[in-house]
Every structure is written in structure tokens, then in C-alpha cells.
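# Chains, contacts and geometry: an overview
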Amino acid sequence: MDWFIRVVKGAIMALGFILPGLSGGVLAAILGLYERIIRFLAHLRERFRVDFPFFIPIGIGGVLGLVLLSRPLGWAYENFQVAVLWGFAGVIVGTIPALWRTAAEQTARSGSDWAWLLGSLIVSLGGFFALREASGNVPANFVGFLLAGAIIGLSVLIPGLSTSNLLIILGLYHPMLDGFALNDGVTQSVVHVFLPIALGAVIILPLFSKVVELAIDRAHSRFYHVIIGLVLASTIMILVPLMREATPDDEAIVYAGVSAGQFAVAGVLVVLGLGLGLLMGHLEGKHKQAAVAAGVPDDGHG
């Protein structure tokens, strides 16, 4: 059952790579995998025998999630954009209490922590807004998908950094989804999409993982308050439409023409998403308590 749960977690993490506004790092933190991923990447040689088998089902779930979910999620996003994005915003908001508790696990919350949270929120909002309002396309070739892989790797290491938002701006989002959905055939997708994306992620992850681990060890509370600011900023950006004139390649939320019935569905999905997020946080809290009771550290050191 634990192996199957990790497969499911991997599939959920895949959503962070294919849905605009979501972050693989945020979902990893929500699912209780973030710190273990960071410590595994920062100490590959020492932790390989223990952590590599642990992450195998997560990797399988991630690949299955990308292949199986890309097409239906792409269809739902194109046809019911407002409802889908509001639903996922509800999930993210529902998980914030769990991150809030994690931020104060080691030290009491202080005024400095609040300053870091607010600073992170303001800077992130400004950065995300400026980036989204800009425009530019990168060719959807091997080099372009290598860049996409590097961005995916950074989104795992930096919770709140949305892979899809960046790839939309660069013009790589739809080509990536087509590749994940195997629309051009298995061989074509593996060679031209999966392989360069995997290489880009493999290159970037070890380079920055030690920096993130150092931040967790030396400034745990501040680091997680920065994450909360990033999560709030990315959630807000999901729901804010473009200020400039949209182009055919833009994927930002559009409220024009949305009916009252669609808004009602979006409201229901917000509530359901909020409940799901709270449930995920509750289950993760119970998992941590069980791990502590069994004498097994749940902070990635075990």
C-alpha cells in the first residue's frame, strides 16, 4: 500500500509540471517529499541505496501522470479554464495550513519570519507579473526542451515557481503537453521531448540542491515562510487575467464570456479543492506523528 501511495504522489506531483500556476516543489512539500528530495539530491552518493528505491514508485507515478493526464487536463483546461484553475487554487489554499505548521516546527514564529513572508509575497508577485506580461518564444527543439527541463528542475527545488507559467511565456507549453501525451508517437516524444527535459532536470537539480539544503538547515523557519509567500503569489497569479492584449499563445485565465453556471461550477470546485487540500495536510500531519512515534525521522535525515 505504501508503494502504491508513492505512485499516486508521483502522479500528483506531475500536475505541477503540466498545469499553469502549480509548482512541483509546492506539491512535493505538501505531500511530505520535499526535504527528502533535497537531501537525496544533495547527498547522492551517501543516500543512493536508501532513497533511490524509495523514489522509484514516485518516478513511475510521475511518468504515468504526465502520459495519462496531459491530454485530459489539456482538454479540460482549454474548455473549462476558469473552473479548473479555481479548483486547483482551492487545493493550494487548503494546503497552506500544513505549510504554516511546518514553518514553525523548529522555532517559534517571529516578526522576522513575517517580514520574510511578506517580502517574498511582494517580490514574487512583482516578478511573476512582469514575467507573464512579457512575451517571447523559444523554438520547440532539443535545446528548447533542455531549457524546459532545467525550469522543471528549478520548480522542484523552489516551491512556488510554476513550470507551466514560464513555459507558456516561452512558447513551449503546448509542444511539451503534446509530447507528454505521445501525440507524435512514442519514439518521437521520448527522443525529442522526454529525453531533453530529463537531461535538463538532471543537470540543474544537483547544482542547486545543496544551496536549498543549507537554507533548510540554517534558516528553516525563514525558508518555509518564503515558500508560503511564493505559494500565495503563484496562487494569486493563477486567478488574475492578463493586463496587456492577449495573443493566441497566451494561456492566462480569461473571464470574458464565462457564464453564471460556469462560475457556479468554479465555486463548487473551489470548495472541493479546499477540502482536498486540508485533507492532504491532515494526512501528512498524521504521517509525521506516526513517524515520530515510531522513532523514524520525517525530515529527510533518516
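Note that the structure is predicted; figures quoted are calculated from it, not measured.

With their axes 10 Å apart at the nearest point, helix α5 (residues 81-103) and helix α11 (residues 220-239) run at an angle of 170° to one another. One finds that α5 runs roughly antiparallel with respect to α11. Across from L85, W86, A89, I92, V93, I96, L99, W100, T102 and A103 in α5, the residues of α11 making contact are H220, S221, Y224, H225, I227, I228, V231, L232, T235, I238 and L239. Looking at the contact of α5 with α11, its residues break down into 16 nonpolar, five polar and no charged.

Our focus in this paragraph is helix α9 (residues 173-180). Residues of α9 that are buried include every one of Y173, M176, L177, G179 and F180, and no others. Summarising the axial view, the buried residues of α9 lie within an arc of 160°, below the 170-degree limit, and thus occupy one face. Positive backbone phi, approximately 60°, marks L182, located one or two places after α9.

Ranked by internal contacts, the top residues of the largest apolar core, which has 68 residues, are L33, Y34, I37, M176, F180 and I197. Here this core gets nine residues from one element, more than from any other, and that element is α5. In this structure M176 touches F17, I18, F145, I152, L167, V193 and I197, once residues within four positions along its chain are discounted. Of all hydrophobic cores here, the second largest spans five residues; its members include L121, F128, A233 and M237.

With that settled, the discussion passes to the environment of L274. The residue L274 is located in helix α12 (residues 260-293) in this model. Between the C-alpha atom of L274 and that of T95, which follows or precedes it by 179 residues, the distance is 7.8 Å. Setting aside residues up to four positions removed in sequence, L274 forms contacts with G90, V91, V93 and G94.

Cut-off values and rules
Residues numbered from 1 in each chain as written. Predicted model: local features only at pLDDT ≥ 70, side-chain atom pairs only at ≥ 80, totals over all residues. Heavy atoms only, no water. Axes fitted to C-alpha atoms, helices over the stretch in contact; angles between N-to-C directions. Helix = DSSP H or I, 4+ residues; strand = E, 2+ residues; numbered from the N terminus. Parallel < 35°, antiparallel > 145°, perpendicular 65-115°, else oblique. Contact = heavy atoms within 4.5 Å. Nonpolar A, V, L, I, M, F, W, Y, C, P; charged D, E, K, R; others polar. Buried < 20%, exposed > 50% of the residue type's maximum accessible area, 1.4 Å probe, protein only. Arc of directions from axis to C-beta. Core = buried A, V, L, I, M, F, W, Y, C linked by side-chain atoms within 4.5 Å.

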